[in-house]
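# Descriptive structure summary
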Amino acid sequence: MSNIKTNCKNCTFAKVEDGVQTGCTMNRHLKLGIDGTTEENNFQLGRFCNTYRPNEWLQKLSFEEQLEPESVALKEVRPRLGFFVKFEAGLEFSLQNLDVTLRSISKLSEKASFVVVINDKVEYNEEIWGLFISHFGEMSETKYHLLQTELMSRPNSHLDAAFSHAQNGWIMYVNSGTAVDSDTVDKLDRVINLDMRQIVLVEPVDGFNKMMFPAYLFKFLNGNRTKIFDDKVTDSSSFIEKVRAADKRSEGSSIMTWEEFNAS
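In this report, we go over the structure that sits alongside the text. (Residues numbered from 1 in each chain as written. Predicted model: local features only at pLDDT ≥ 70, side-chain atom pairs only at ≥ 80, totals over all residues. Heavy atoms only, no water.)

### Points about a negative patch on the surface
The grouping of Glu123, Glu126, Glu127 and Glu150 at the surface amounts to a negative patch. Looking at the element boundaries, glutamate 126 is found in helix H6 (residues 125–136). (Patch = residues over 30% accessible without salt bridge, like charges linked within 9 Å, V, L, I, M, F, W, Y side chains within 5 Å. Areas by Shrake-Rupley, 256 points an atom, 1.4 Å probe, with all protein chains shown as cover. Salt bridge = Lys/Arg side-chain N within 4 Å of Asp/Glu carboxyl O. Lys, Arg positive; Asp, Glu negative; His and termini not counted. Charge placed at Lys NZ, Arg CZ, Asp CG, Glu CD. Helix = DSSP H or I, 4+ residues; strand = E, 2+ residues; numbered from the N terminus.)

Quick look at the structure:
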């Protein structure tokens, strides 16, 4: 996305005076930078703008929405967040720990798009399904899945298997017993859509716990499997190692710690 530029021509939010663009009602040019102007005297933004909206978009809004189109556009780009939850079977409070995590996810300010519980002990399946129904209901907007991993031997293969149940948006991996802050989606929205930070990873705090990343990146890097790039170069490292290596090669960091994320 850092190589994709946006031409503001015919954008609903462009401020134009006497045929010359002078600003943006959403102030996107201040965050994305102006990389020149077009022949039509519109801004050429230095990065991709996810709130570019043509005038036709405005005409399709209701009267009330047309009064605050900026709010509508920001709502449209609000991130979706799903979860991989690693169930720690065999502990004294295994199910109670999972209950803590699922309860916290169910109370997010914006509903989680999906939850995948990763379990390697089949004898817990019935209780786990009971917790799903208890916290999300039988007809839920949040899709939930139970992934059995007892026969998986390849390192980190449970992540790749869980990804088959993922949806577009962002993914957060948590260990059962971890409570997810109710404003996590709000903070993520602020970081990527208001502060316009280019982040691709929020670092885990212990193993994979609380690792957060966009689904498209996991797919592009082929997860923890070998990635073959266009130049035939292969990379057999884990997903997180691929991300960290790419970040070191970049001019600016696209990785945040949780301390930075919470303080943003």
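### Describing the packing of aromatic side chains
Considering all chains together, one arrives at 13 aromatic pairs under this definition. With centroids separated by 4.7 Å and ring planes inclined at 20°, the aromatic side chains of phenylalanine 132 and tyrosine 144 adopt a geometry described as stacked. In this pair, phenylalanine 132 sits in helix H6 while tyrosine 144 sits in strand S8 (residues 143–148), placing the two residues 12 residues apart along the sequence. Of the two residues, phenylalanine 132 and tyrosine 144, both sit in the buried class. Three or more aromatic residues joined by ring pairs make a cluster, and in this case those are Trp129, Phe132, Phe136 and Tyr144. (Phe/Tyr/Trp six-rings, centres within 6.5 Å; stacked < 30°, edge-to-face > 60°. Buried < 20%, exposed > 50% of the residue type's maximum accessible area, 1.4 Å probe, protein only.)

### Some words on the sheet that holds strand S1 (residues 6–7)
One open sheet accounts for three strands, arranged S1-S5-S4; its pairing is antiparallel. Strands with a single pairing partner mark the edges of an open sheet, and in this sheet they are S1 and strand S4 (34–37). In this sheet, strand S5 (residues 43–45) lies alongside S4 in antiparallel orientation, the contact comprising two bridges. Bridged to threonine 37 within S5 is phenylalanine 43. (Pairing = 2+ DSSP bridges.)

### What to know about empty space enclosed by the protein
Scanning the entire structure with this criterion turns up two cavities of 30 Å³ or more. Considering only enclosed or pocket space, the largest cavity measures out at about 90 Å³ in volume. Those elements that place two or more of their residues in the lining of the largest cavity are strand S3 (20–24) and helix H1 (28–32). Tallied by class, residues from the lining of the largest cavity come to nine nonpolar, three polar and one charged. Its boundaries defined by the atoms lining it, the second largest cavity holds a volume of some 60 Å³. As for the second largest cavity, its lining consists of Met172, Ala179, Val180, Asp181, Thr184, Lys187, Lys210, Trp258, Phe261 and Asn262. For the lining of the second largest cavity, the secondary structure elements donating two or more residues are helix H8 (184–194) and helix H11 (258–263). Per-element accounting of the lining of the second largest cavity gives the leading share, three residues, to H11. Residues that form the lining of the second largest cavity fall into these classes: five nonpolar, two polar and three charged. (1 Å grid on protein atoms, 1.4 Å probe; cavity = no way out; pocket = protein on both sides within 12 Å on 5 of 7 lines; lining within 4 Å. Points joined across faces, edges and corners; volume = space filled by probe spheres on them. Nonpolar A, V, L, I, M, F, W, Y, C, P; charged D, E, K, R; others polar.)

### A closer look at the environment of phenylalanine 208
Of note, phenylalanine 208 is situated in the loop between strand S10 (201–202) and strand S11 (211–214). Placed 49 residues apart in sequence, phenylalanine 208 and leucine 159 show a C-alpha to C-alpha distance of 9.8 Å. What phenylalanine 208 contacts, discounting residues up to four positions off in sequence, is Asn156, His158, Leu159 and Tyr173. (Contact = heavy atoms within 4.5 Å.)

### Description of the side chain of serine 254
Structurally, the position occupied by serine 254 is in the loop between helix H10 (239–249) and strand S14 (255–256). In contact with serine 254, other than residues within four places in its own chain, are Gln198, Ile199, Val200, Leu201 and Asp247.

### Regarding H8
Where burial is concerned, most of H8 is hidden: eight out of the 11 residues are buried. Within H8, burial applies to Thr184, Val185, Lys187, Leu188, Asp189, Val191, Ile192 and Asn193. Phi turns positive, to about 60°, at methionine 196, one or two residues after H8.

### Digging into unusual backbone geometry
The phi angle at asparagine 41 is positive, at roughly 65°, despite the residue not being glycine. Checked against the element boundaries, asparagine 41 lands in the loop between S4 and S5. One non-glycine residue, methionine 196, adopts positive backbone phi at about 60°.

### A few points about the pattern of salt bridges
Evaluation of the coordinates by the stated rule reveals 10 salt bridges. The salt bridge involving aspartate 183 is made with lysine 187; its shortest N-O contact spans 3.7 Å. A residue is classified by how much of its surface remains accessible, and aspartate 183, at 30% relative accessible area, is partly exposed.

### What to know about helix H5 (residues 94–106)
Here H5 is 13 residues long and its end C-alpha atoms lie 19 Å apart, about the 18 Å a rise of 1.5 Å per residue gives. Here H5 has its buried residues at Ser94, Leu98, Asp99, Thr101, Leu102, Ser104 and Ile105. On the buried face of H5, the contacting elements are strand S6 (81–86), strand S7 (114–119), H6 and strand S9 (170–175). (Expected span 1.5 Å × (residues − 1).)

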